[in-house]
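# Reading the structure
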Amino acid sequence: MIRVNEHYSLLRSSYLFSTIARKIEEYQSKHDGADIIRLGIGDVTRALPAALVEAFHAGVEEMSRDETFRGYGPEQGYPFLRNAIAEGDYRSRGVRIDPDEIFISDGAKCDTGNFQELFSQDARVAVPDPVYPVYVDTNVMAGRAGAWKEGRYDGLVYLDSTSANNYVPSPPAGQVDLIYLCFPNNPTGVTATREQLAAWVSYARENHALILYDAAYEAFIRDESIPHSIFEIPGAREVAVEFRSFSKTAGFTGTRCAFTVIPAECSVFDGDGKPVPLRTLWNRRHTTKFNGVSYPVQRAAAAVYTPEGTGQVREVLDYYLENARLIREKMQTLGYTCVGGDNSPYIWVEVREDSWEFFDRLLDRAQVVCTPGAGFGLCGERHARISAFNHREKVLEALDRIERVLA
Ligand code: PLP
């Protein structure tokens, strides 16, 4: 008899976005033609920048002729893209990352989700709260969590991110083995300082732990003092892996391209305490289970690093950041305490009431959709995430409506 993976029965249904979708549907069925403005789900709204589209087209053209056609590419990604990333994202910021430490993939969601399979079943896992749910659910699927009790899984260590610590948790007192960090954070939008990241790197080095650093939103950082990469911190190469994505950086949510960086010195340990290079393990995993990102998509991603591409991408990011500034400013004017929104597309608002009640009120009375913080974890209660991914006129209209309802 084929038996099911029982760990799946521990999973909570993905209630956050499905509940939001159901509530919107119900509202629409009762209010025919309602003009709902969505500042909820974090998907981009602006088209791919022209330089990227041009490179994409050129890649497709190459595929159309026998002389330039390409079949399977290297699973780890084409050298032209790995070189461009190593130079454009790292060396240009004074960080040494070699192209063969970079693995191209079709998404940071898959990479952050798949990466946990390299570690032992009994690894002690620490996740932020509020959290990007992929970190939790994939470890539950792998059997690293116990029962769900009062809003949390037994067996996981939750790193509370609240106003008391400015939403940046410090390393725990006890031992954990695998640590998920995400900065700029989803959902809170906060960034971590060099000192805060250095404390995590010290912890990981002292405890032989590994940091999985999700930097999917690094391109939104404008404050020069904030690190874009965990590898800007001395000593991180031995104890950290970094995930990045072109999704939010360059509008690739539907195009799909991302990458994971594993320095040559980064190791995990076998039963005898002998180091095993993580890059070799991931290379084995990647080449066994993945067959590469399509050539035209990698060409489009590489165009991010050309002078035209960089300028056009920056213009789109600045557009979202201006949306974020407008949202944050309005919510503050209305008397709400907010974080995020300055180096991030997300604004995390302390709503001072049940987060679903706040969501319902905005939907019902302003026809505006936000994301209730409770959906991201216990510490998200009494908060809401507002996303800056929408067209300017929609954002301004939403803010007018919010003002009428909340003022
Ligand atoms: N990491 C974080 C923190 C995210 O918020 C998201 C998307 O919302 C992802 C990763 C997924 O990125 P990708 O589109 O590359 O799978």
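Look above for the structure.
Presented here is an overview of the structure given in this document. (Residues numbered from 1 in each chain as written. Predicted model: local features only at pLDDT ≥ 70, side-chain atom pairs only at ≥ 80, totals over all residues. Heavy atoms only, no water.)

### A few points about the environment of Ile230
Stated formally: Strands here mean DSSP runs of E at least two residues long; helices mean DSSP runs of H or I at least four residues long; both are numbered from the N terminus.
Along the chain, Ile230 turns up in the loop between strand 8 (210-214) and strand 9 (240-245). With 33 residues separating them along the chain, Ile230 and Leu197 place their C-alpha atoms 7.1 Å apart.

### Quick word on the pattern of salt bridges
Put simply, the rule is: Here, a salt bridge means any side-chain nitrogen of Lys or Arg that lies within 4 Å of a carboxyl oxygen of Asp or Glu. Three labels apply to residues, based on accessible area from a 1.4 Å probe with only protein chains included: buried if under 20% of the type maximum, exposed if over 50%, partly exposed otherwise in between.
With the rule as written, the count across this model stands at 34 salt bridges. For Arg401, the salt bridge is made with Asp35, and the minimal N-O distance between the two is 3.0 Å. Of this pair, Arg401 sits in helix 12 (residues 392-406) while Asp35 is found in the loop between helix 1 (15-30) and strand 1 (37-38), placing the two residues 366 residues apart along the sequence. Assessed through its relative accessible area of 8%, Arg401 is described here as buried. You can call Asp35 partly exposed: its relative accessible area is 41%. Note that Glu403 and Lys330 form a salt bridge whose closest N and O atoms lie 2.9 Å from each other. Here Glu403 is found in helix 12, whereas its partner Lys330 is found in helix 10 (residues 307-333), with 73 residues between them in sequence.

### Let's talk about the site of the ligand
Condition: A molecule or strand has a residue near it when one of that residue's heavy atoms lies within 4 Å. Pairs of N or O atoms within 3.5 Å make up the polar contacts considered here, provided that, within protein, one atom can donate a hydrogen while the other can accept it, and that residues adjacent in sequence are counted only when both atoms are side-chain atoms. Method for areas: the Shrake-Rupley scheme with a 1.4 Å probe, in which residue coverage is limited to the protein chains shown.
Around the ligand sit 14 residues, and of these Asn186, Asp214, Tyr217, Ser245 and Ser247 come closest. Within the contact set of the ligand, an oxygen atom lies 2.6 Å away from a side-chain nitrogen or oxygen of Tyr217. Contact distances for the ligand include 2.6 Å between an oxygen atom and a side-chain N or O atom of Ser247. Burial of the ligand by the protein amounts to 90% of the accessible area it has alone, namely 400 Å².

### Things to note about the environment of Asp89
As for its placement among the helices and strands, Asp89 is situated in helix 3 (residues 79-90). Considered as a pair, Asp89 and Ser229 are 140 residues apart in the sequence and their alpha carbons are 8.9 Å apart.

### Looking at the sheet that holds strand 7 (residues 178-182)
The condition that has to hold: Following DSSP output, two strands are said to pair if at least two bridges run between them. For helices, the axis comes from a line fit to the C-alpha atoms of the stretch in contact; other axes are also lines fit to C-alpha atoms, and the angle between any two N-to-C directions lies between 0 and 180 degrees. Any pair of residues with heavy atoms lying within 4.5 Å of one another is described as a contacting pair.
Judged by pairing direction, the sheet is mixed, and its seven strands sit side by side in the order 2-10-9-8-7-3-6 without closing on themselves. Looking at which strands have only one partner, the edges of the open sheet turn out to be strand 2 (102-105) and strand 6 (157-160). Each neighbouring strand pair of the sheet contributes to a mean axis angle of 20°, computed without reference to strand direction. Where strand 9 meets strand 10 (residues 258-261), four bridges bridge the pair, whose relative direction is antiparallel. Bridged to Phe243 within strand 10 is Thr260. Contacting strand 6, strand 7 and strand 8, helix 6 (residues 194-207) crosses the sheet at an angle of about 150° to strand 8.

### Notes on the sheet that holds strand 17 (residues 383-387)
Here we have four strands laid out as an open sheet, ordered 13-14-17-16, and antiparallel in their pairing. Since the sheet does not close on itself, it has two edges, and those belong to strand 13 (337-340) and strand 16 (371-372), each with one partner. The pairing of strand 13 with strand 14 (residues 346-350) spans four bridges and is classified as antiparallel. Each bridged residue has a counterpart across the sheet, and for Val339 the counterpart in strand 14 is Trp348.

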